[in-house]
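Structure at a glance
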Amino acid sequence: MNPVTHPADGRIELDIGGMTCASCANRIERKLNKMDGVTASVNYATEKARVDYVGDISASDLVASVEQAGYTASVPAPPTATESAPAAQPDPTAALRQRLLVSLVLSVPVIAMAMIPALQFPNWQWLSLTLAAPVVVWGAWPFHKAAYINLRHGTATMDTLVSIGTLAALGWSIYALFWGTAGVTGMTHPFEFTIARTDGTGNIYLEAAAGVTTFILAGRYFEARAKRRAGAALRALLDLGAKEVSILRDGVEQRIPVDQLTVGDEFVVRPGEKIATDGVVVDGSSAVDAAMITGESVPVEVGPDDQVVGATVNVGGRILVRATRVGSDTQLAQMARLVEDAQTGKAQAQRLADRISGIFVPIVIALAVATLGFWLGTGGSVAAAFTAAVAVLIIACPCALGLATPTALMVGTGRGAQLGILIKGPEVLESTRRIDTVVLDKTGTVTTGKMTLLDVITAEGEDTAEVLRLAGAVEDSSEHPIAQAIAKGARDQVGGLPAVQQFANLEGLGVQGTVDGHAVLVGRTRLLADYAHHLPDDLADAMQAAEADGKTAVAVGWDGAARAVLVVADAVKPTSAEAITQLRGLGLTPIMLTGDNAAAARTIAGEVGIDEVIAEVLPAEKVDVVKRLQDQGKVVAMVGDGINDAAALAQADLGLAMGTGTDVAIEASDLTLVRGDLRAAADAIRLSRRTLGTIKGNLFWAFAYNVAALPLAAMGLLNPMIAGAAMAFSSVFVVSNSLRLRRFH
């Protein structure tokens, strides 16, 4: 690779290859951090390294350092603006699936012949060798490669255990076939669990070697399939922007791809269209749905000289916008960077099996060496000594270890899916037990995220139904979200709405029209005042009270008098208060975090029982709040649904996205709550904790059966049937223990 020298003091991202577990990520991190002026963070899930450096350091220096550690690294190509979404992404599990299927086809006959005496025709053992050798050499190659890298660094993981056990079983079987008595015509494995001392040269362990490899490949495949698709959140974010824009040049409109837009260009945005990029309104006025940026459910009224943000939706009139920021400078691109930074910086829990293996492997190797030494020292034959030592290595390799995490994860995720909870991958579960704080977005999470008619306050002597009928009829002709909420509320309460004549939309003020002979006005108090419809004191007080609570109040008048005030707001979901109680019951402290105004946030928080409120925060500030809580030693879960929550969801120790929310939030999260019911958050945390408990139980039993057989191996009393039985029993137990998760409610 040609040296690429970056200016002093900067940041480089590297794509890392060859990692098999979180300890690999730690190893690369340590190696990079040993370089002068380098601070590196390596993420196993996203397979990326983020390197901050001071001084004259080239990308090739960093790549060389990673390669010295036994891994691969490359500088990713910068994405182009026109790059399409994930169309040509190769399936990362395809190679693993092929390895698993070939190993499975070859292993089944080997296990069947070893376990069923009726299938042991003359010279069956040679067919077993022919079938098992490719499985142990080619099928288990990823384990051997990882074991070699671990050996170079003086560490041991589950891969080391698998590699040693399968190679020992294959090596001993080859020795017994060629130099022992196992290769003679007519050799059989009797189906008996007798414990008798032999020199081992009549025994082959090919079914144990092939079976362990296939079982653990199956486990790795299921785990890889469940692993988060790194980068999907970013693709989803970048897909949100407009693809084309109507640009105004010399008074003529023309459609161009959005990546050809430059700063200073003026473009037209019609009702219902996305705003192509960040800019300032030059002409026209409208309402813009900016919920993705601010989290506020109420559209923002904009006019000349007001700022607008790319990818937000114009829900009102036609506006002309001048572009002020394009490409990577826009707020949308900055949010994509926030999500990527949060995902890259998120520490991954090291697999439990690897942590156990790190202790278990050295003990097993020491036990095998001690067994060999003991037999030779007590005058035993060399063959018997090697038999016992190799048997220790063979029995210590628990195939159930490879199934412990994936089977519990598959059953747990399957049960979660039935309950409307989607779990992304095994690393998600590690953090759920330690969660002590849950941060909740307001709009769309605690509330419905839609404007709803909450109250009708009438002047003395006015009929509520008549107010709704007339106001609803006029508002039904407007596209404004507040108008649509009033029209829907009116229709739900009084049924069909009458026709409206002479309808007019008065930008920024409200609407007017004639219904059943009445000249009806609905909008701001200024609109009614212009037509001499003055609000009586009780309606004016009601309007002020509603606005003090962060709600939107709309005045209604006709025939020269103000008749009512309609209160519209984002309504609390009926299940939210119960959900907060359940989260407290799990030992969690709820905090509301929202971009909405403080008054509205405090009102909603009071309704559902949340004491702590952090309001009026932008997406970048949401990430900062989560980081601040983490710096205080808290383990944070974040529940959100919007694009503005994506970076905070990625930053949190556990991100939960409402399935009713945006694709970006769902991709950035660890868990998705399909129903959009906040009670599912409590269910998800309980299910995750139960699944993690099952995984720990599985790991205990995966080792227990094999550890129990270790003394038999050390005494030279192990025969292939006992080795196979220990393998089978531990696997059956692990699978059946995992199936208990199906009963979770």
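Keep in mind the model is a prediction, meaning the values are calculated, not measured. (Residues numbered from 1 in each chain as written. Predicted model: local features only at pLDDT ≥ 70, side-chain atom pairs only at ≥ 80, totals over all residues. Heavy atoms only, no water.)

**Notes on the overall build of the protein chain**
The secondary structure content of the protein chain amounts to 26 helices and 26 strands. The proportion of buried residues among the 745 residues of the protein chain is 53%. Long-range contacts, defined here as pairs at least 24 residues apart, represent 71% of the contacts in the protein chain between residues at least 6 apart. Here the protein chain has roughly 30,800 Å² of accessible surface; of this, 57% comes from carbon and sulfur atoms. (Helix = DSSP H or I, 4+ residues; strand = E, 2+ residues; numbered from the N terminus. Buried < 20%, exposed > 50% of the residue type's maximum accessible area, 1.4 Å probe, protein only. Contact = heavy atoms within 4.5 Å. Areas by Shrake-Rupley, 256 points an atom, 1.4 Å probe, with all protein chains shown as cover.)

**Quick look at the UniProt feature "transmembrane region" (unreviewed entry) in the protein chain**
Residues annotated in UniProt with the feature "transmembrane region" (unreviewed entry) correspond here to residues 100-118, 124-141, 161-182, 202-222, 356-376, 382-405, 698-715 and 721-739. Each end of residues 100-118 is marked by a C-alpha atom, and these two atoms are 27 Å apart; helix forms 84% of the span and strand 0%. Between the C-alpha atoms that bound residues 161-182 the distance is 26 Å, and the span itself is 82% helix and 0% strand. (UniProt positions renumbered as here; feature names shortened; annotations may be inferred.)

**Overview of the packing of helix H11 (residues 352-377) against helix H25 (residues 679-714)**
Remark: H11 packs on H25, axes separated minimally by 12 Å, with the N-to-C direction vectors making an angle of 5°. Taken as axis vectors, H11 and H25 run roughly parallel relative to one another. Contacts from Leu352, Ala353, Ile356, Phe360, Leu367, Thr371 and Trp375 of H11 reach H25 at Lys696, Leu699, Phe703, Val707, Leu710 and Ala714. Looking at side-chain class alone, the contact of H11 with H25 contains 11 nonpolar, one polar and one charged residues. (Axes fitted to C-alpha atoms, helices over the stretch in contact; angles between N-to-C directions. Parallel < 35°, antiparallel > 145°, perpendicular 65-115°, else oblique. Nonpolar A, V, L, I, M, F, W, Y, C, P; charged D, E, K, R; others polar.)

**Observations concerning helix H2 (residues 59-68)**
Turning to H2, its buried residues are Ala59, Ser60, Leu62, Val63, Ser65 and Val66. Positive backbone phi, approximately 100°, marks Gly70, located one or two places after H2.

**Let's talk about the packing of aromatic side chains**
Under the definition given, this model contains six aromatic pairs. Ring plane angle 80° and centroid distance 5.2 Å describe the contact between Trp126 and Phe178, whose orientation is recorded as edge-to-face. Here Trp126, found in helix H4 (residues 124-139), pairs with Phe178, found in helix H6 (residues 158-178); they are 52 residues apart in sequence, far enough to count as distant. For the ring pair Phe700 and Trp701, a centre distance of 5.2 Å and an interplane angle of 80° mean the geometry is edge-to-face. Counting every residue linked through ring pairs, the aromatic cluster contains Trp126, Trp172, Tyr175, Phe178 and Trp179. Geometry around Trp138 places Arg99 over its ring, the cationic atom sitting 4.8 Å from the centre. (Phe/Tyr/Trp six-rings, centres within 6.5 Å; stacked < 30°, edge-to-face > 60°. Lys NZ or Arg CZ within 6 Å of the ring centre and 35° of its normal.)

**Some details on a negative patch on the surface**
Side chains of Glu460, Asp537, Asp538 and Asp541 sit close together on the surface and give a patch of like negative charge. Take Asp541: it is sitting in helix H19 (residues 537-548). Assessed through its relative accessible area of 48%, Asp541 is described here as partly exposed. (Patch = residues over 30% accessible without salt bridge, like charges linked within 9 Å, V, L, I, M, F, W, Y side chains within 5 Å. Salt bridge = Lys/Arg side-chain N within 4 Å of Asp/Glu carboxyl O. Lys, Arg positive; Asp, Glu negative; His and termini not counted. Charge placed at Lys NZ, Arg CZ, Asp CG, Glu CD.)

**Concerning the nonpolar core**
Within the largest apolar cluster, 66 residues are counted, with the highest numbers of intra-cluster contacts made by Ile204, Leu206, Val392, Ile394, Ile395, Leu401 and Leu699. Among all residues touching Leu699, those that are not within four sequence positions of it are Leu352, Ala353, Ile356, Leu401 and Ala404. In this structure, Ile580, Leu588, Ala605 and Leu654 belong to the second largest nonpolar core, which totals 33 residues. (Core = buried A, V, L, I, M, F, W, Y, C linked by side-chain atoms within 4.5 Å.)

**Quick look at the confidence of the model for the protein chain**
On average, residues of the protein chain score 82 in pLDDT, and 88% of them reach the 70 mark or higher. By mean pLDDT, the top-scoring element of the protein chain is H4 (95), and the lowest-scoring one is helix H8 (residues 232-238) (61). Across residues 1-8, confidence stays below pLDDT 50; counting only partners more than four residues off in sequence or on other chains, it has 17 contacts. Considering only residues more than four positions removed or in separate chains, one finds that residues 80-88, a stretch of pLDDT under 50, has five contacts. (pLDDT = per-residue confidence, 0-100.)

**A look at the pattern of salt bridges**
Scanning the entire structure with this criterion turns up 19 salt bridges. Glu462 serves as the salt-bridge partner of Arg563, at 3.0 Å between the closest nitrogen and oxygen. Taken together, the residues span a long stretch of sequence, with Arg563 in strand S21 (residues 561-572) and Glu462 in the loop between strand S16 (447-458) and helix H16 (464-475) at a distance of 101 residues. Each of Glu253, Arg270 and Arg318 takes part in one network of salt bridges that share partners.

**Topic: the pairing of strand S6 (residues 252-257)**
Bridging between strand S5 (residues 244-249) and S6 involves six bridges; their strand directions are antiparallel. Among the inter-strand pairings, Ile247 is bridged to a residue of S6, identified as Gln254. Connecting S5 to the antiparallel partner S6 that follows it, the hairpin turn spans two residues, and Asp250 within it adopts a positive phi of roughly 55°. (Pairing = 2+ DSSP bridges.)

**Let's talk about a nonpolar patch on the surface**
Residues Leu101, Leu104 and Val108 make up a contiguous nonpolar surface patch of about 270 Å² in total accessible area. By secondary structure assignment, the location of Leu104 is in helix H3 (residues 94-115).

**Focus: the sheet that holds S6**
Pairing is antiparallel in the open sheet, where six strands are placed in the order S6-S5-S7-S13-S8-S11. In this open sheet, the two edge strands, each paired with only one partner strand, are S6 and strand S11 (307-308).

**Topic: the sheet that holds strand S24 (residues 636-640)**
Within a sheet, adjacent strands bond to each other through the backbone by hydrogen bonds, running parallel or antiparallel. Strand order in the open sheet formed by seven strands is S14-S26-S25-S24-S15-S22-S23, and the pairing between neighbours is mixed. Where the open sheet ends on each side, the last strands, each with one partner, are strand S14 (421-423) and strand S23 (612-614). Across this sheet, the average inter-strand angle for adjacent strands is 20°, counted without regard to direction. Judged from the three bridges that link them, S14 and strand S26 (residues 671-673) form a sheet pairing that is antiparallel. Across the sheet, Ile421 pairs through a bridge with Leu673, a residue of S26.

**Structural notes on the packing of helix H12 (residues 382-395) against H25**
As a packed pair, H12 and H25 sit with axes 8 Å apart at the nearest point and diverge in direction by 170°. On the basis of the axis angle, H12 is roughly antiparallel to H25. Contacts from Ala388, Ala391, Val392 and Ile395 of H12 reach H25 at Asn706, Ala709, Leu710, Ala713 and Ala714. A class-by-class count of the residues in the contact of H12 with H25 yields eight nonpolar, one polar and no charged.

**Some remarks on H25**
For H25, spanning 36 residues, the distance from its first C-alpha to its last is 53 Å, which sits close to the expected 52 Å at 1.5 Å a residue. Where H25 bends most, the angle comes to about 25°, and this point is Ala708, followed within four residues by the proline Pro711. A positive phi of about 75° marks Gly716, the residue just after H25. (Expected span 1.5 Å × (residues − 1). Bend = angle between axes of the 7 residues up to and from the residue.)

**Some points on the environment of Val568**
With respect to the helices and strands, the residue Val568 is situated in strand S21. Judged by relative accessible area, which is 0%, Val568 ranks as buried. Put simply, Val568 and Ala546 are 22 residues apart on the chain and 8.9 Å apart in space, counted from C-alpha to C-alpha. Those residues in contact with Val568, other than ones at most four positions away along the chain, are Met451, Thr452, Leu453, Ile482, Ala485, Ile486, Lys551 and Thr552.

**A word on the side chain of Ser478**
Structurally, the position occupied by Ser478 is in the loop between H16 and helix H17 (481-494). Its relative accessible area of 4% is what places Ser478 among the buried residues. Looking at Ser478, its side chain comes within polar contact range of the main-chain nitrogen of His480, at 3.2 Å. (Polar contact = N/O pair within 3.5 Å; in protein donor to acceptor, adjacent residues only side chain to side chain.)

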